[in-house]
Each structure stands twice: as C-alpha cells, then as structure tokens.
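Single-letter residue listing:
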Amino acid sequence: MALRNILKDEDPGLSKKSRTITGFDKRLFTLLDDMRETLINADGLGLAAPQVGVLRRVALIADTTIEAETLDEQIIELINPEIMFEDGEQCGSEGCLSIPGVYGLVSRPNTVKIKSYDRHGKEFELETSALTARAIFHEIDHLNGVLFTDIMERLLTDEEIEEMKTERGKE
Ligand code: CO
C-alpha cells in the first residue's frame, strides 16, 4: 500500500466525470488499498478516485454508524455506485479533503439507497441516512466532477467553523 497525493480544488481533474470500472482486477485492488491508506492518513469521511488523479467510478466512505474501534473497519468500498432512491432533506456543514479548511452549508437528501459493486465485482445494496448518506452524495458528486462548493448554499463563517470543531470535540 502507498499513500497517494490528494489533489486540491484548483486541479482540473476534479471537475471531470469519471468512467465506469469494467475490470475487477489487481490494478483496482491496488487503487482501493492505496485510497484506504490515504483516507485513514487524512482522517476523512470519504475519498473518491478522481481526488487521487484516477478518473474512475471508485469511492470510499467511512460509515460512522458501524460500531468499530478504527476508521479502517468503518470504510466501505464503492465501485460504480448508483443512486436508486432518495428521500427527505438534511442541511448541514460539509468539507472536503481537496478543499482543506473550507466548510459550507449543503442541503442533501436525508436518506439514500444505492446499488454498488464490491472489489470482486459482486453487487450489493446499501440504505443509509444522515451523515453516511451525506458522505455518499458527496462522493458520488466527485465521480460526476461536482464539488460541494459548486452546490452549497453558503460558506460557513469562521465562528461557525470554531463552533463545529468544539461540538465535534465533545463527542
Ligand atoms: Co470531497
């Protein structure tokens, strides 16, 4: 496994649409393993392949509803994920490893059901809500070349960012 460089938002690759994975092979495994290490190292909630310069429909999310000791055990690998159903609305703060230090207020559906493939090409479904649903929408947006700053209602103020960090620290 190796750490990959996370591209920043001025990189043109981040606004491109990623292509479908067709081969579930060693090359994909290496990409997934490297992305996993990179996500854990950055302590993020999600990472999409275009963020490491690979324009393929691959993303990782950390499902914080999974009771586990480590982030590693919460990571779900998504290959060619597709939204099947969405419902409700949530509005909350969102950030991105490609846009460090910036947070915005983003409205998302509260619940999502997706269809995806695992690394071995086996199809599975996942239905989730709240923060994990937000992470899924955020990562699928990356696969379509969309960043949260493209769709946010507004940026969070410095005070709001401080407040958010204090609240997270209490958890
Ligand atoms: Co992001």
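Residues numbered from 1 in each chain as written. Predicted model: local features only at pLDDT ≥ 70, side-chain atom pairs only at ≥ 80, totals over all residues. Heavy atoms only, no water.

K.L.:
Looking at this model, I keep getting lost on the coordination of the cobalt ion. Mind explaining?
P.N.:
In an ideal octahedron of six donors the angles at the metal are 90 or 180 degrees, and in an ideal tetrahedron of four donors they are 109.5 degrees. For the cobalt ion, every protein donor is listed as C96 (SG), H138 (NE2) and H142 (NE2), and the spread of their distances is 2.1 to 2.3 Å. Counting residues between consecutive donors of the cobalt ion along the chain gives the motif C-x41-H-x3-H. In this pair, C96 sits in the loop between β4 (90-94) and β5 (104-108) while H142 sits in helix α3 (residues 130-143), placing the two residues 46 residues apart along the sequence. (Donors = N, O, S within 2.8 Å, 3.2 Å for Na, K, Ca; no water. Helix = DSSP H or I, 4+ residues; strand = E, 2+ residues; numbered from the N terminus.)

K.L.:
What is the right way to read the side chain of R119 from this model?
P.N.:
With respect to the helices, strands and loops of the structure, R119 is situated in the loop between β6 (111-117) and β7 (123-129). Given the relative accessible area of 15%, R119 is considered buried. Within polar-contact distance, the side chain of R119 engages the side chain of D33 at 2.8 Å. A polar atom in the side chain of R119 sits 2.8 Å from the side chain of E77. For R119, the residues in contact, after removing those within four places along its chain, are F24, L28, F29, L32, D33, E77 and I79. (Buried < 20%, exposed > 50% of the residue type's maximum accessible area, 1.4 Å probe, protein only. Polar contact = N/O pair within 3.5 Å; in protein donor to acceptor, adjacent residues only side chain to side chain. Contact = heavy atoms within 4.5 Å.)

K.L.:
Looking at this structure, I do not really get helix α1 (residues 26-42). What am I missing?
P.N.:
Spacing of three or four residues puts side chains on the same side of an α-helix, whose turn is 3.6 residues. For α1, with 17 residues, the first-to-last C-alpha span of 24 Å sits near the 24 Å given by 1.5 Å per residue. Of the residues making up α1, those classed as buried are L28, L31, L32, D34, M35, R36, T38 and L39. At its buried positions, α1 is contacted by β1 (46-48), β2 (58-62), α2 (71-74) and β3 (75-87). Phi turns positive one or two residues past the end of α1, at D43, with a value near 55°. (Expected span 1.5 Å × (residues − 1).)

In short, the description is geometric, and any link to function would need to be established separately.
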